[in-house]
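If you want the building blocks of each chain, they are given just below.
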Amino acid sequence: MPSPNLDELKARIEAHSRRLTEALEQIRDPRSLEELRNEFLSRKRGVVTLLFEDLKTVDAEAKREAGRLVNALKTEAQSVLDAIAARLAEAAPAAKAGADSAPDPTLPGERRPYGAAHPLRLFQREIEKIFLDMGFAIEDGPEIETDFYNFGALNFPPNHPARDQWDTLYVGDDLMLRTHTSPVQIRVMEKRRPPIRIIIPGKVFRKETPDPTHAAMFFQMEGLVVDEGVTFAHLKGTLEYVLKRLFGEKTKVRFRPSYFPFTEPSAEVDIECLQCGQKDPACRVCGGTGWKEILGSGLVDPQVFKNVNIDPERYSGWAFGMGIDRLAMFSLGIPDIRYFYENDLRFNRQFTLR
Ligand code: DAH
């Protein structure tokens, strides 16, 4: 004969079960679902917890049966809650679509972040501005070049080591990714007669293993002036002016003799190390030399003029090529060239206000 306590417990469990069945149909929003979850499964005051406590009042021989019933209710509550949650999740996209078709004009708008120029581009523009102010024009040319433009017309002898495949990325027998912006000098001189006053910013490519100061792709800016009566003094005066505008009137600049196949004489240009002010023998930026090499330059070799049918007896010219990345790193205090190419906004955003 079942104990009265068990009957009473059974009746309550059945009532709870009916409540669950109703809820399964009726609940329409996540909030009511949460309330139902608390009502049944809250650890302190939930229906299931309280029923387990009531088990203590059930006669010993009926305990097993009563325990089974309470456990069954717990399982039922769990599966009803899951079923309601699944139904609400399915309905959610529809509800959202409804909201989209009737926008709430009182909500704050979504802010779109402004795009901004890359730090390298900002720096490039700064240099361009200085040359544009002096009447230079900006030119560009192809990034894939033939041996003639990249080397031959620039007076590289056939066996020059720079043609070696360790430096040059070939894409065909006679085609390569340009290793410098100098080939555009040739392209411009082929189609235009002097006077010429141009700069050529652009990408260049070399077979390099990336490290803090090398990348397989980087930016250069080339310059070329061709006219009657152009001398080394023009080269020196112009470059000094540009570098002082970039780095400050007091910046020391020095010219060192050098060699390039397409200039004669040739010079490399250094500026004093802005990092240590020529004072730190252990400086990471200049290696303690106090100077930083930033560009190559020279008077256009007469042979180069002959290659493009410009009369070297009548015309002379000067040219330079500098690494934009390198100059930007130096100017902005950036220790690793690879930062420019990682597209990390935390890096890029630091320079948008220049
Ligand atoms: N093209 C050279 C390089 O990539 C740089 C250079 C040196 C360009 C002297 C010039 C120049 O126009 O006159 O290393």
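Residues numbered from 1 in each chain as written. Predicted model: local features only at pLDDT ≥ 70, side-chain atom pairs only at ≥ 80, totals over all residues. Heavy atoms only, no water.

(A) Quick peek at the environment of Glu 293. Within the secondary structure, Glu 293 sits in strand S8 (residues 291–300). Taking relative accessible area as the criterion, Glu 293 reaches 34% and is therefore assigned partly exposed. With 233 residues separating them in the primary sequence, Glu 293 and Ala 60 have C-alpha atoms 95 Å apart. When sequence neighbours within four positions are dropped, the list of residues in contact with Glu 293 reads Arg 256, Glu 268, Val 269, Asp 270 and Arg 326. (Helix = DSSP H or I, 4+ residues; strand = E, 2+ residues; numbered from the N terminus. Buried < 20%, exposed > 50% of the residue type's maximum accessible area, 1.4 Å probe, protein only. Contact = heavy atoms within 4.5 Å.)

(B) Representation of the state of the cysteines in the model. The tally for this structure, following the rule as stated, stands at 0 disulfides. A disulfide-free cysteine, Cys 276 has its sulfur positioned 3.7 Å from the sulfur of Cys 286, the nearest such atom. Cysteine Cys 286 is unpaired, with the sulfur of Cys 273 as its nearest cysteine sulfur at 3.7 Å. A relative accessible area of 8% places Cys 286 in the buried class. (Disulfide = S-S within 2.5 Å.)

(C) Structural detail: the packing of aromatic side chains. One pass over the full model with this rule turns up 13 aromatic pairs. Grouped by ring-pair contacts, the aromatic residues Tyr 339, Phe 340, Tyr 341, Phe 347 and Phe 351 constitute a single cluster. Taking NZ or CZ as reference, Arg 187 lies 3.9 Å from the ring centre of Tyr 149, over its face. (Phe/Tyr/Trp six-rings, centres within 6.5 Å; stacked < 30°, edge-to-face > 60°. Lys NZ or Arg CZ within 6 Å of the ring centre and 35° of its normal.)

(D) How the structure looks around the site of the ligand. Surrounding the ligand, one finds 15 residues, the nearest of these being His 180, Ser 182, Arg 206, Gln 220 and Glu 222. With respect to the ligand, the side chain of Ser 182 contributes an N or O atom lying 3.0 Å from a nitrogen atom. Contact with the protein chains hides 89% of the accessible area of the ligand, taken as 360 Å² for the molecule alone. For the shell around the ligand, the elements supplying multiple residues, two or more each, are strand S5 (217–227), S8 and strand S9 (316–323). Considered class by class, the residues forming the shell around the ligand number 4 nonpolar, 9 polar and 2 charged. (Near = heavy atom within 4 Å. Polar contact = N/O pair within 3.5 Å; in protein donor to acceptor, adjacent residues only side chain to side chain. Areas by Shrake-Rupley, 256 points an atom, 1.4 Å probe, with all protein chains shown as cover. Nonpolar A, V, L, I, M, F, W, Y, C, P; charged D, E, K, R; others polar.)

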